[in-house]
Amino acid sequence: MTLTSRLQRTSLQEREKAARQICGLRGSRYFVHTEATLPGATEEANLLALYRYRPSIYANAEVRAAIGQSLKADEPEAVHPLIAELALALSLPVPTVTSALCTLIWHCVIHTDMTSHLLFVNAALAPYVQVWRGMKERQA
Amino acid sequence: MALKRKPPAGTIRRVAPISNHLRYAITSKAHETVQCESFQGRTLTLLFDRDATVQEYRASPNALLGLTLLDIHTPMDQISLSTGRLPR
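Rules used throughout
Residues numbered from 1 in each chain as written. Chains lettered and ligands numbered in written order. Predicted model: local features only at pLDDT ≥ 70, side-chain atom pairs only at ≥ 80, totals over all residues. Helix = DSSP H or I, 4+ residues; strand = E, 2+ residues; numbered from the N terminus. Rg over C-alpha atoms; globule rule 2.2 N^0.38 Å. Buried ≥ 20, exposed ≤ 12 C-beta atoms within 10 Å, placed from the backbone. Contact = placed C-beta atoms within 7 Å. Expected span 1.5 Å × (residues − 1). Axes fitted to C-alpha atoms, helices over the stretch in contact; angles between N-to-C directions. Parallel < 35°, antiparallel > 145°, perpendicular 65-115°, else oblique. Left-handed = near helix turned anticlockwise from the far one by under 90°. Nonpolar A, V, L, I, M, F, W, Y, C, P; charged D, E, K, R; others polar. pLDDT = per-residue confidence, 0-100.

Chemist: How should the overall build of chain A be read in this particular structure?
Modeler: Regarding its fold elements, chain A presents 6 helices and 5 strands. Going residue by residue from the N terminus, the α and β elements of chain A occur as α-α-α-β-α-α-β-β-β-β-α. For 140 residues, the compact-globule formula gives about 14 Å, and the C-alpha radius of gyration of chain A, at 20 Å, lies well above that figure. Across its three principal axes, chain A shows a C-alpha extent of roughly 60 × 35 × 25 Å. Split into buried and exposed, the 140 residues of chain A put 21% on the buried side. Sequence-distant contacts, at least 24 apart, represent 67% of the contacts inside chain A between residues at least 6 apart.

If you want it as structure tokens, here you go:
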């Protein structure tokens, strides 16, 4: 991992060349990441905010099944009405539904725009956040 | 005075903050200690964590065919994928 401005350095090019040869011998591939291939500031912030929902303790089978029925493939839906609707239908607290939904976003079961705006404002999901069903749900 | 600690097992050295860079020691999805030497490195581990096709990732080995410290600034370049696709 380096900066694009450093890619032209002779020492770095030699190191990269040696690494590619070694990785080639081992049957693997060597990649150099730069700031151009990594997420921007907004996506970074969203990844860090969603990271807390990685544990499976936040998952909820009822919410997942209900989302599979409520969301249409590739049709974005506002997250706040969806959470309220699910909480009412399943008789679950809103924070439970919110956590379950964020877990599904982290694990790419449902999708949202991570690059354009912050998902969380004042530690709560922003009202403009929209979600849509992902590949896994469509295949299920 | 900062305390000096041994690097994690199988790792060249304990990473240090270079200029204004942050350093991290995190636990990967394979329950191994992985060091990051910048916030960009930490971001890359988040992508690996989120991508279900990445089974594990780890820090630099002790030596890469005799060339120690080869990837001293790229501590998370060893990843195992269930498919041939890289996350980025």
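Chemist: Looking at this structure, I do not really get helix α1 (residues 39-50) of chain B. What am I missing?
Modeler: Note on helix geometry: an α-helix contains 3.6 residues per turn, so any two residues three or four positions apart are oriented the same way. In this model α1 of chain B runs 17 Å from its N-terminal to its C-terminal C-alpha over 12 residues, within 8% of the 16 Å that 1.5 Å per residue would give. Considered for burial, the residues of α1 of chain B that qualify are Gln 40, Gly 41, Thr 43, Leu 44, Thr 45, Leu 46 and Phe 48 of chain B.

Chemist: Please clarify how the packing of helix α4 (residues 79-90) of chain A against helix α5 (residues 94-106) of chain A should be interpreted in this entry.
Modeler: Pairs of packed helices are described in terms of their axes, by the angle between the two and the distance that separates them. All names here are of chain A. It is the contact of α4 with α5, at a shortest axis distance of 9 Å, that shows an interaxial angle of 120°. Comparing the axis directions of α4 and α5 gives the class oblique. In this structure, α4 crosses over α5, and the sense of that crossing is right-handed. For the pair formed by α4 and α5, the contact residues are Ile 83, Leu 86 and Ala 87 on the first element and Val 94, Val 97, Thr 98 and Leu 101 on the second. Among the residues forming the contact of α4 with α5, the class breakdown is 6 nonpolar, 1 polar and no charged.

Chemist: Mind showing me how you'd approach the confidence of the model for chain B here?
Modeler: Regions with low pLDDT carry predicted coordinates that are not meant to be interpreted in detail. Residues and elements named next belong to chain B. Here chain B shows a mean pLDDT of 66. Residues at 70 or above account for 52%. The element-level mean pLDDT for chain B is lowest in strand β4 (residues 78-81), coming to 53, with α1 highest at 85. Here residues 82-88 is modelled with pLDDT under 50, and outside its nearest four sequence neighbours on either side it reaches 12 contacts, counting other chains as well. Under the prediction, the complex receives an ipTM of 0.81, its pTM being 0.79.

Chemist: Can you walk me through the environment of Cys 23 of chain A in this structure?
Modeler: Residues and elements named next belong to chain A. With respect to the element layout, Cys 23 can be found in helix α1 (residues 10-25). A count of 16 C-beta atoms within 10 Å places Cys 23 in the partly exposed class. For the pair Cys 23 and Leu 86, spaced 63 residues apart in sequence, the C-alpha to C-alpha distance is 49 Å.

Chemist: Can you walk me through unusual backbone geometry in this structure?
Modeler: Most peptide bonds are trans, and most residues other than glycine sit at a negative phi. All names here are of chain A. Look at Cys 108: it is not a glycine, yet its phi comes out positive at around 60°. Considering the arrangement of structural elements, one finds Cys 108 in the loop between α5 and β2 (110-111). Look at Cys 108 and you get partly exposed, because 13 C-beta atoms sit within 10 Å. For Ala 123, which is not glycine, the phi torsion reads 65° and is therefore positive.

Chemist: Mind showing me how you'd approach the packing of helix α3 (residues 61-70) of chain A against α5 of chain A here?
Modeler: Residue and element names in this part refer to chain A. Following both chains from N to C, one finds α3 and α5 inclined at 70°, their axes separated by 9 Å at the closest point. In terms of axis orientation, α3 runs roughly perpendicular to α5. Both α3 and α5 take part in a crossing whose hand is right-handed. Residues Val 63, Arg 64 and Ile 67 of α3 form the contact with α5, whose participating residues are Val 97, Ala 100, Leu 101 and Leu 104. Of the residues in the contact of α3 with α5, the class split is 6 nonpolar, no polar and 1 charged.

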